[in-house]
There are 2 protein chains.
Amino acid sequence: MASTATGARDWARRRTAKRERLEAVRPYVSGRVLDAGRIGGALQALLRPGDRVAMEGDNQKQADFLAEALAGCDPDVVHDLHLLISSISLPEHLDVFERGVARRLDFAYAGPQSVRMAQLLADGKVEVGAIHTYVELYARMFVDLTPNIALLCAEQADHDGNLFTGPGTEDTPTIAEAVAFSGGVIVVQVNELVDKVPRVDIPGDWVDLIVESPRPFALEPLFTRDPRHIGQVEILMAMMALRGIYERHGVVTLNHGIGYDTAAIELLLPTYGEELGLRGKICRHWTLNPHPTLIPAIESGWVDSVHCFGGEPGMERYVAARPDVFFTGHDGSLRSNRVLCQLAGQYAVDLFIGSSLQIDADANSSTVTEGRLTGFGGAPNMGHDARGRRHPSAAWLNLLTGQAPAVRGRKLVVQITQTFRSGGTPAFVESLDAVQVGEEAGMPVPPIMIYGEDVTHVVTEEGVAYLYKAEGPAERREAVAAVAGATPVGRRADERRVAALRRDGLVALPEDLKVDVRKARRSLLAARSIEDLVAWSGGLYDPPARFRTW
Amino acid sequence: MASTATGARDWARRRTAKRERLEAVRPYVSGRVLDAGRIGGALQALLRPGDRVAMEGDNQKQADFLAEALAGCDPDVVHDLHLLISSISLPEHLDVFERGVARRLDFAYAGPQSVRMAQLLADGKVEVGAIHTYVELYARMFVDLTPNIALLCAEQADHDGNLFTGPGTEDTPTIAEAVAFSGGVIVVQVNELVDKVPRVDIPGDWVDLIVESPRPFALEPLFTRDPRHIGQVEILMAMMALRGIYERHGVVTLNHGIGYDTAAIELLLPTYGEELGLRGKICRHWTLNPHPTLIPAIESGWVDSVHCFGGEPGMERYVAARPDVFFTGHDGSLRSNRVLCQLAGQYAVDLFIGSSLQIDADANSSTVTEGRLTGFGGAPNMGHDARGRRHPSAAWLNLLTGQAPAVRGRKLVVQITQTFRSGGTPAFVESLDAVQVGEEAGMPVPPIMIYGEDVTHVVTEEGVAYLYKAEGPAERREAVAAVAGATPVGRRADERRVAALRRDGLVALPEDLKVDVRKARRSLLAARSIEDLVAWSGGLYDPPARFRTW
């Protein structure tokens, strides 16, 4: 049994490789600091063909300087890289494939670059491992996709490598942990090298190399919705959601997806919600990026706490001035963390509500449309019933499910959408575009964002469908059809069955919920413009230029 | 709309309270270091009645010095605390309730103290908020159970508060993050104050107060199983699991629960697994505490990587010598992390297998027996089908499920148990003890550990039941009964139906799997004792005294 045969095995190959890489990059380094002017040469010295490279690439912030440098590498020296990246957002993320620097790709989301990626895929320039949700991709970094190199970004570093991420901490600590403790090399672009960082988000002794980027890293305001674009239909749906779901089930802890539909709910809390006497009873604890449209509810005393996946440009000063509500450091600024916020959203929050672009007759939904494979992002992790959850709460117990002894509560997973999208495209469809897009991309199973089985409620301008009450798939389809309006799916609804479903509580129309349709006017919104949000914030909210119309 | 009415609101109450607490504790502090001899007075100065206190309290390590100090507080000064603690392991954890220092409790596991807790509950001395899984409790710290104070432990701190947790990092970074960024106060007991920590697990600027404990913190070797106690039946079951599940479905990424059944599988890899030619094909990436019984498989080249929830006493030197396999820091020692390992286990791993104490006819299972409410720990988070997962893998796709378009793969959730436990107690029962225990404790739903619906396979000495193939609950019950032997559940099995289930692939007996029962002997174990494990490790494994018999 003695292990003599394997005794000679080298168990520290990754550590040795790291030492060699750091030795090779030495001509480009002073202390831990890389020469920004020679970043290309430094990366070429650091990288080996076939390396697994984790690039940030988050939902919002981008290590764009390092991406550019990687794309500029000589493919004779650096090739066949395996890129791990949450969000393919910049042209450089695909240039690395076009130029032959990288070959293999595992990712989570490819919004702006999805058309070009389809082309690269067709041309055989990129091999896709899999499309993940954000947290799945990070999870695999601790299992079978451990990176050799991480290319990260932060606001500031000191000369010991201590990092200050600023409010958009997002995914940096998680990726850094996977790489720092598996013998990988961490390279970080920072906006500024300082003598002392205002707070330490990632300890310096996890970090190998720093480079001061000539410009601040790219950051997208993905979670800003201008209230100007919220119309009566969104307001009506928001009223129904508040009465028919939030009030009825007593939803205290929650997560909102992004979109005008959920922004309308946020903006009705201080008006319609107040009228209903719901302050302090619902919507107290949130897992949510710092949505500007939540400002009026916070200012009106509705919100006890918000834990954030990431930050939001323009919200920095406001968040810093509300430390009892947001998670902030001793420096005063937000600390976000996608993995922990996802954990909170999955295991400690009773409701997820999100807008969807397409819903089928079984309530399966997807944001993949028009032949573009955008990927998953984070919604599937919020929009499912977490079967590993065991602690009860009032809202969760309100949806009791299962056969004894396996009875349990259930997470509220709500889809909210108008029956027709702008341009008259039906939101309720016979077959999700995602099915065909998945087939064309050779995916083994269709890229469904949220499974119908997991959806508990559907809200449209027609009413609310309480799918969790349906006995079996046939009744679920009837309830979906009942609120699907004049779409192909909705036209299947049988009037007598709809009446029966209303009687049995599976479907509620506005009048069933005592929602006065005439009240659904823009005057009911606590803020009707970005300027209003700035005013609510007492001038603390600084909207990005593109949202300023004054 | 202007927010003048709320303009006067104080948005930094938590920050102010923190400043006041730190001011109050100043007489006990030099720099960040608390006087260990006056820790009781310091805690009394720091705490306020009604505070939410997060105490570590993990699965393995315990902030025992701080727990003792808290239990010794004067209940006239400190009372009605709300204790958040993963694992109630020490008498002091309940002394705080008996003495009236604390009143409310949210927890995850209460193994050794469960009987006394039931008594305190009956006496009205403790109010239980809820029983959680570990990650649920941490998740709530970011939502509706944000602590005011954290009482943590680490191996070393420097005078700036930088913490070195040692190999058992476990939950400390997660709790610290929840408290450091919500205006709470972090107190850490350390084994040693040093000038420079060997690595930084938690940045000093998150940490408020340090106290050098007069003795090292308590740490339990929960994951050590002596191969001496593995008998022929466990070996037979392990052979069937390897052939009928691991080989059949191609399980590359996995998590093992703790117990002799799964230890047997680990010890068969270098022998039986090798004979089957499976090395490199299965069991390459693990999420697992450093089980000593995995040493032979690691030494035989089976294991590419292990990411750990926590550490294991005695495994320190071995782990440090295998950095290509384990996640270790630049100091050489293990970095574990329960939340990230749970994330990995949930979203990046294809199989969970665990032993259960009781399984009912529907395959619901529980480790709650004999009237004791032990809680949930971590098994439910591993032992369920993660419905938020979207990326495919071969093993996951092998269990394709659902109706088009909502077809998807599925996580393998395996229950392994003998039909009778020691003492002749049946493992398969008509009704789980958990049902009655839950009722007596006033729980709103029964404390089921793993739901039958989520279980894909059951392994007993009789054979393997492929529950995922069952069409409906009735067939699932037949498949469970077919492998439940002479238990009340097993006696229901109908011989002709069993033959049909075997033919249809829902049940496999040893001969169906080509498992030679005569080979199920202890000589097939790669190690038959703790001494053998030490030998396999080349002397690097240092078993705790209680496991040394030589």
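Quick notes on the rules
Residues numbered from 1 in each chain as written. Chains lettered and ligands numbered in written order. Predicted model: local features only at pLDDT ≥ 70, side-chain atom pairs only at ≥ 80, totals over all residues. Heavy atoms only, no water. Pairing = 2+ DSSP bridges. Helix = DSSP H or I, 4+ residues; strand = E, 2+ residues; numbered from the N terminus. Phe/Tyr/Trp six-rings, centres within 6.5 Å; stacked < 30°, edge-to-face > 60°. Buried < 20%, exposed > 50% of the residue type's maximum accessible area, 1.4 Å probe, protein only. Lys NZ or Arg CZ within 6 Å of the ring centre and 35° of its normal. Domains from an automatic or database assignment. Contact = heavy atoms within 4.5 Å. Buried area = accessible area lost by both parts, 1.4 Å probe. Salt bridge = Lys/Arg side-chain N within 4 Å of Asp/Glu carboxyl O.

Colleague: How should I be thinking about the sheet that holds strand β17 (residues 358–360) of chain B in this particular structure?
Modeller: For sheets, the rule is that strands pair by backbone hydrogen bonds, running either parallel or antiparallel. All names here are of chain B. What the three strands build is an open sheet, ordered β18-β17-β20; its pairing is mixed. Both edges of this open sheet fall to β18 (365–366) and β20 (428–429), since each of them pairs with a single strand only. In the sheet, β17 pairs with β20 via two bridges, with the strands oriented parallel. Residue pairing for β20: D360 is matched across the bridge by V429.

Colleague: Would you explain the packing of aromatic side chains in this entry?
Modeller: The description of an aromatic ring pair rests on the distance of the ring centres and on the angle between the ring planes. In total, this model carries eight aromatic pairs over all chains according to the counting rule given. For the pair Y466(A) and Y468(A), a centre-to-centre distance of 6.4 Å together with 75 degrees between the ring planes defines the contact as edge-to-face. On the basis of relative accessibility, which here comes to 0%, the residue Y466(A) falls in the buried class. Between Y318(B) and F326(B) the ring centres are 6.5 Å apart and the planes differ by 80 degrees, which places this aromatic pair in the edge-to-face class. One residue, K469(A), lies across the ring of Y466(A), its end atom 5.7 Å from the ring centre.

Colleague: Explain the domain arrangement of chain A here, please?
Modeller: Buried accessible area, meaning the area lost when the parts come together, often serves as the stated size of an interface. Residue and element names in this part refer to chain A. What the domain assignment lists for chain A is domain 1 (30–219) and domain 2 (227–517). Here domain 1 and domain 2 have C-alpha centroids that lie 33 Å from each other. Residue-level contacts link 28 residues of domain 1 with 28 residues of domain 2. Summed over both sides, the interface of domain 1 with domain 2 buries roughly 2300 Å², with 56% coming from carbon and sulfur. Looking only at domain 1, the three residues that lose the most surface to domain 2 are I131, P167 and R199, adding up to 25% of its buried area.

Colleague: Mind showing me how you'd approach the interface of chain A and chain B here?
Modeller: If you look at the interface, chain A gives 102 residues, while chain B gives 101 residues. Summed over both sides, the interface between chain A and chain B buries roughly 8400 Å², with carbon and sulfur atoms accounting for 61% of that surface. Remark: the boundary between chain A and chain B carries eight salt bridges. The salt bridge partner of R387(A) is D454(B), with a shortest N-O separation of 2.8 Å.

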